[in-house]
Amino acid sequence: MDSKSAEESQTNSSPPQTSTPSQFDLAGVLPEFVFIGGIQVPVKLARMAPGDFGEWRGYPSPSITVNGVLEAPAAFMTILHEALHGISEMYELGLTERDVRVLEIALSDLFRRTEGLRHFGEKI
Ligand SMILES: [Zn+2]
């Protein structure tokens, strides 16, 4: 549905690499799926156009695609970003691209930098 453009990469501290694909490295660390609204949504790696980070598709079945050339930090942010598009669509929130970007960064900070919260979530 919505893929990040080259313009968006200017706001991301981890731009995609276009020289050496790291698809196999990512394949070992990427989650196979994420849960959105109780639905198991597959996360796929694919070779995408340069400058594209990822894509959310709601139809015919929900999926998130991540550009296989991304480094792990950018892939993590991309999953959050595309999941937020999915959440917005499923719950009819009407989030703008700006809303999604702000939440992507805020949620990344919340989860990546707050180890105690991650551990708490894993225990319950
Ligand atoms: Zn977007």
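Residues numbered from 1 in each chain as written. Predicted model: local features only at pLDDT ≥ 70, side-chain atom pairs only at ≥ 80, totals over all residues.

### A few points about the overall build of the protein
Right, on to step 1. Check the secondary structure of the protein and you find 5 helices and 4 strands.
Right, on to step 2. Reading the protein from its N end, one meets helices and strands in the order α-α-β-β-β-β-α-α-α.
Right, on to step 3. Buried residues in the protein amount to 29% of all 124 residues. (Helix = DSSP H or I, 4+ residues; strand = E, 2+ residues; numbered from the N terminus. Buried ≥ 20, exposed ≤ 12 C-beta atoms within 10 Å, placed from the backbone.)

### Notes on the environment of Gly51
Right, on to step 1. Here Gly51 lies in the loop between strand 2 (39–46) and strand 3 (54–57).
Right, on to step 2. According to the C-beta neighbour criterion, Gly51 is partly exposed, with 16 such atoms within 10 Å.
Right, on to step 3. Sequence spacing of Gly51 and Asn67 is 16 residues, and the spatial spacing of their C-alpha atoms is 9.1 Å.

### Examining the nonpolar core
Right, on to step 1. If you look at the biggest cluster of nonpolar residues, it comprises 20 residues, and the most contacted ones within it are Ile64, Val66, Leu70, Ala75, Ile79, Leu80 and Ala83.
Right, on to step 2. Contributing elements (two or more residues each) for this core: strand 2, strand 4 (63–67) and helix 3 (72–90).
Right, on to step 3. Tallying contributions element by element places helix 3 first for this core, with 8 residues.
Right, on to step 4. Filtering out sequence-adjacent residues up to four positions away, Ala75 remains in contact with Leu26, Leu30, Val66 and Leu70. (Core = buried A, V, L, I, M, F, W, Y, C linked by C-beta atoms within 7 Å. Contact = placed C-beta atoms within 7 Å.)

### Overview of the pairing of strand 2
Right, on to step 1. Note: strand 1 (residues 33–36) against strand 2, 4 bridges, orientation antiparallel. Of the residues in strand 2, the one forming a bridge with Phe33 is Pro42.
Right, on to step 2. What sits between the antiparallel neighbours strand 1 and strand 2 is a turn of 2 residues, in which Gly37 has the positive phi angle 60 degrees.
Right, on to step 3. Judged from the 4 bridges that link them, strand 2 and strand 4 form a sheet pairing that is parallel. Looking across to strand 4, one finds that Ala46 is bridged to Asn67. (Pairing = 2+ DSSP bridges.)

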